[in-house]
Amino acid sequence: EDQVTQSPEALRLQEGESSSLNCSYTVSGLRGLFWYRQDPGKGPEFLFTLYSAGEEKEKERLKATLTKKESFLHITAPKPEDSATYLCAVQETDDKIIFGKGTRLHILP
Amino acid sequence: DTGVSQDPRHKITKRGQNVTFRCDPISEHNRLYWYRQTLGQGPEFLTYFQNEAQLEKSRLLSDRFSAERPKGSFSTLEIQRTEQGDSAMYLCASSSGRGNIQYFGAGTRLSVL
């Protein structure tokens, strides 16, 4: 059973069309939830970390939120340069983090 | 701070050959991680070091895989007798431990022919 599930797998939006990506997790004792951005052929780039339900973080057009069972990455008025794969990862009880499969986001100009 | 550096960026090898990858972490980061990523998947944990000690190994890491981190600085990942199923992107990350935020390198893409 997957511990981290991201949806949708892929999302195409028009430039300026806001939307949200979902990350649901089943681990117990969450110690941290991480969002990364990954461009083709490159390593993941750290965006946010959230530690407790109700916490929110923002960076430019992105805002991450966390509940007890899921996290959302909200994208407001996206631009073509926001096109990438967005990865969610959770840390359970040790130093290892578990990644979801990611959401491939494509913003059309 | 020059970030996490991985070498080589690309490696093409024939089945049965041995390959070695290198990772240089962010200076003063005491934790170093190796992941494997295949197309359409998220990174999968392979192993991690705290300083020079290898603290955890995934069951994905078969006997053909070995990792070292001598002196707690750079790390190497060796794959012996490569198989076509080893073709993947191998990612390295490092962390200071604070909040366990892991910073990734650009990866080494391995193609086994």
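The coordinates are above.
This part covers the pattern of salt bridges. Enumeration over the complete set of coordinates arrives at 8 salt bridges over all chains. A salt bridge links Lys57 of chain A to Glu55 of chain A, with the shortest nitrogen-to-oxygen separation between them at 3.6 Å. The class of Lys57 of chain A is partly exposed, set by a relative accessible area of 30%. Notably, a salt bridge pairs Arg64 of chain B with Glu83 of chain B, separated by 3.4 Å at the nearest N-O pair. Taken together, the positions of Arg64 of chain B in the loop between strand E6 (53-57) and strand E7 (65-68) and Glu83 of chain B in the loop between strand E8 (75-79) and strand E9 (88-95) put the pair 19 residues apart, joining distant regions of the chain. Arg64 of chain B sits in the buried class, given a relative accessible area of 12%. On the accessibility criterion, Glu83 of chain B (41% relative accessible area) is partly exposed. Where salt bridges share partners, they join Arg64, Glu83 and Asp86 of chain B into one cluster.

A word on the state of the cysteines. Residues and elements named next belong to chain A. Inspection of the entire model under this criterion finds 2 disulfides over all chains. Sulfur-sulfur distance for the disulfide between Cys23 and Cys88 comes to 2.0 Å. Disulfide Cys23 to Cys88: torsion about the S-S bond roughly -65°, handedness left-handed. Of this pair, Cys23 sits in strand E3 (residues 19-25) while Cys88 sits in strand E9 (residues 84-91), placing them 65 residues apart in sequence.

Let's shift gears to the sheet that holds strand E7 (residues 62-66) of chain A. All names here are of chain A. Strands sit in the order E1-E3-E8-E7-E6 across an open sheet of 5 strands; the sheet is antiparallel. Edge positions in the sheet fall to strand E1 (4-7) and strand E6 (56-59), since each of these pairs with one other strand and no more. Between one strand and the next, the sheet's axes are offset by a mean angle of 15°, whatever the strand orientation. Relative to strand E8 (residues 70-75), E3 is paired through 6 bridges, and the arrangement is antiparallel. Considered in E8, the bridge of Leu21 is made with Leu73.

Quick notes on the rules
- Residues numbered from 1 in each chain as written.
- Chains lettered and ligands numbered in written order.
- Predicted model: local features only at pLDDT ≥ 70, side-chain atom pairs only at ≥ 80, totals over all residues.
- Heavy atoms only, no water.
- Salt bridge = Lys/Arg side-chain N within 4 Å of Asp/Glu carboxyl O.
- Buried < 20%, exposed > 50% of the residue type's maximum accessible area, 1.4 Å probe, protein only.
- Helix = DSSP H or I, 4+ residues; strand = E, 2+ residues; numbered from the N terminus.
- Disulfide = S-S within 2.5 Å.
- Pairing = 2+ DSSP bridges.
- Axes fitted to C-alpha atoms, helices over the stretch in contact; angles between N-to-C directions.

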